[in-house]
Number of protein chains: 2
Amino acid sequence: MADSVPFRRIAVIGTGLIGGSFALAVRAHLPMVEIIGWDRDSASLDRAIARGAVQEKAAGPAEAVRGASLVYVALPVGAIVKSLALIADAAEPDALVTDTGSTKVSIGRAATECFRAKSSLFLGGHPMAGKENSGIESADAGLFKGAPYAIIANQNEANRQTRDFAALVGALGAHVVWCEADTHDWSVGVVSHLPQMLSIALASVVQDETDETGFPLSLAGQGLTDSLRLAGSPYAVWRDILFSNSDNVSHALNRLAQAVEYLQRNLKSAELEQEFRTANEVYALLQKRK
Amino acid sequence: MADSVPFRRIAVIGTGLIGGSFALAVRAHLPMVEIIGWDRDSASLDRAIARGAVQEKAAGPAEAVRGASLVYVALPVGAIVKSLALIADAAEPDALVTDTGSTKVSIGRAATECFRAKSSLFLGGHPMAGKENSGIESADAGLFKGAPYAIIANQNEANRQTRDFAALVGALGAHVVWCEADTHDWSVGVVSHLPQMLSIALASVVQDETDETGFPLSLAGQGLTDSLRLAGSPYAVWRDILFSNSDNVSHALNRLAQAVEYLQRNLKSAELEQEFRTANEVYALLQKRK
């Protein structure tokens, strides 16, 4: 049984919502795997220990990485880029280093540089899972269940470690999607960053329109609350994402502006029926995949 | 006890999601009230009887209305406008007729015409509650709980019947919001119709961008699904809303286009931090009200 575990010791760098959820899920599925954690915020790391997500605390990222066969870097994009050189230097020769950053082109570029002369391997990854609330408190062993998990590699050319990691996230309930970094960044620009920007824009209109009488906000029902779920996300998380994917986000916002203009031009036209039908289909597709 | 019930017999015209939920809620709170129902779709009316929402079936709206002290018209906007003359003719002299239409100016105009020479009273209303799925199958005695319920009247000048009706929807758990028809229509243009149009526009961009490889849709996570919850709404419901509120919706879409343009211009600027902070505040406010 122990022979079937490809990663006997895992280092989780960043024990927040994503790192903590990964650790909890691995522990739930493979209790024999050792997990060592590190987080810049030592209180958060203590809570990760208390929750049973990680078993050992490292004093720094390099200490966490030493001896680990899998290094799971769950930090914001900018922090990942900054930490890669140190991690590459400390990683074991046969280790697989993977990250969870929300954009992949800039991270991939930094990784190519840092891992050029190393025998350890870097693999970009991105679990398309999240919650309104961040932090280890919200971590959940089931977070990845049913969610797409982007792996930045060609499935046909994947080596053993990459295949092992894909099998692991599959075992945790995620649906592995193999793709290139630029396909990933364009895709998340549309399906993740665009909805985020729209919820910010919608909140801003609601706020600007609301006057001293309390209208229109006083008439808001569940529809607005649902539409603004992403509006609870902190800028700290999005700053790096928008900086590293601004071209794709800008393209997606252009497309959205065109779609809004089309709706506006056709508010009283039968054309709108087709737009609703398309939307109903996209909605049904997403429901079916749940 | 029976004396404290202001409406002893209620006619529900349209026993779908809203009419059915209202009937179920009234029955749960005031089991002594008789409810007679009518629906164009006789199978839906039979299911409303089977669910215990209504106790009697009427053969037509006029038959339902006769003898009722409260007439609850829960139809789409266009059908409400069309049915008001017939209902005004059949209503008892002391009856209160109220509707649940999503826009209030056009309905109010039609009601003024139809009830001009009558001693029965018309009161516009709008429960800001809904679900992805329509129909009596989705009706729920708790649907109005915690939701705003617009009543188109001046609270200080409200007569006994209007105050009784406001007390009734308050007893069902709704939060009564007194307002004028044009304040209502402008407000729902921003907090209800704009989010709806945005979800249609977002779905259309996702659909247009998705190519034969399945990207970007294959990377969609919960964020997109939440943002597209309203995209499941059928055009049949929205056609009348958009026709009767096109000026307000168009204004809201203009404001949104400006907000999107501002975000796009500032994707890499610190200005965005303030936009996120505003959105976080609006989100927190909506959460607190839940």
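**Looking at the overall build of chain A**
Then, number 1: The helix and strand tally for chain A stands at 11 helices and 8 strands.
Then, number 2: Since a compact globule built from 290 residues should have a radius of gyration of about 19 Å, the 21 Å found for chain A is in line with a globular shape.
Then, number 3: If you line up chain A on its principal axes, its C-alpha atoms span 65 × 45 × 35 Å.
Then, number 4: A buried classification covers 54% of the 290 residues belonging to chain A.
Then, number 5: In chain A, of all internal contacts separated by at least 6 residues, the share reaching a separation of at least 24 is 76%.

**With respect to the environment of Val176(A)**
All names here are of chain A.
Then, number 1: Checked against the element boundaries, Val176 lands in strand E8 (residues 175–178).
Then, number 2: Note on Val176: 16 C-beta atoms within 10 Å, which makes it partly exposed.
Then, number 3: In this structure the C-alpha to C-alpha distance between Val176 and Tyr283, which are 107 residues apart in sequence, comes to 21 Å.
Then, number 4: Apart from the residues within four sequence positions on either side, Val176 is in contact with Tyr149, Ile151, Ala166, Val169 and Gly170.

**Notes on helix H1 (residues 17–29) of chain B**
Residues and elements named next belong to chain B.
Then, number 1: Taking 1.5 Å of rise per residue, the 13 residues of H1 would be expected to cover 18 Å, and the 18 Å separating its terminal C-alpha atoms lies within 8% of that figure.
Then, number 2: Every buried residue of H1 is accounted for by Leu17, Ile18, Gly19, Gly20, Ser21, Phe22, Ala23, Leu24, Ala25, Val26 and Arg27.
Then, number 3: Where H1 is buried, its residues touch strand E1 (9–13), strand E2 (34–38), helix H2 (42–50), strand E4 (70–73) and strand E7 (125–127).

**Here's the deal with the sheet that holds E1(B)**
Residue and element names in this part refer to chain B.
Then, number 1: As summarised here, the arrangement of the 6 strands in space is E3-E2-E1-E4-E5-E6, forming an open sheet in which the pairing is parallel. Here the strands that pair on one side only, and so sit at the sheet edges, are strand E3 (56–57) and strand E6 (121–123).
Then, number 2: Here E1 pairs with E4 via 4 bridges, running parallel. Bridge pairing links Val12 to Tyr72 in E4.

**Concerning the confidence of the model for chain A**
Then, number 1: Of all residues in chain A, 98% have pLDDT values of 70 or greater, and the mean over the chain is 95.
Then, number 2: Listed scores for the predicted complex are pTM 0.93 and ipTM 0.93.

**With respect to the sheet that holds strand E3 (residues 56–57) of chain A**
All names here are of chain A.
Then, number 1: Across the sheet, which stays open at both edges, the 8 strands sit in the order E3-E2-E1-E4-E5-E6-E7-E8 with mixed pairing between neighbours. In the strand order of this sheet, the two ends are held by E3 and E8, each with one partner.
Then, number 2: As paired elements, strand E7 (residues 148–152) and E8 share 4 bridges and run parallel to each other. Within E8, the position partnered with Tyr149 by the bridge is Val176.

**Focus on the relation of the copies chain B and chain A**
Both copies of the chain are placed relative to one another by a rotation about an axis and a shift along it.
Then, number 1: Superposing chain B onto chain A takes a rotation of 180 degrees combined with a translation of 0.0 Å along the rotation axis, leaving an RMSD of 0.0 Å. Such values leave the two copies arranged in the relation of a two-fold axis. Relative to the rotation axis, the closest C-alpha in chain B is found at Ser227(B), a distance of 2.6 Å.
Then, number 2: Here 100% of the interface residues in chain B have copies in chain A that are interface residues too; the copies meet face to matching face.

Criteria and cut-off values
Here the residue numbering is sequential within each chain, running from 1 through the sequence in written order. Here every chain gets a letter starting at A, and every ligand a number starting at 1, in the order they are written. Local features in this predicted model are restricted to residues whose pLDDT is 70 or higher, and side-chain atom pairs enter the listing and the counts only when it is 80 or higher, whereas totals over whole chains, interfaces and linings include all residues. Labels follow the DSSP assignment, with helices taken as runs of H or I lasting at least four residues and strands as runs of E lasting at least two, numbered in each case from the N terminus. Here the globule rule reads 2.2 Å times residues to the power 0.38, and the radius of gyration is calculated from C-alpha atoms. Counting other C-beta atoms within 10 Å of a residue's C-beta gives its exposure: the residue is buried at 20 or more, exposed at 12 or fewer, and partly exposed in between, where C-beta atoms are placed from the backbone. This entry defines residue contacts through backbone-placed C-beta atoms, with two residues in contact when those atoms are within 7 Å. For a helix, the expected span equals 1.5 Å multiplied by the number of residues minus one. Pairing between two strands requires that DSSP report at least two bridges joining them. How sure the predictor is of each residue is captured by pLDDT, a score from 0 to 100. Alignment of the copies relies on least squares applied to C-alpha atoms, considering only residues that score at least 70 for pLDDT in both.

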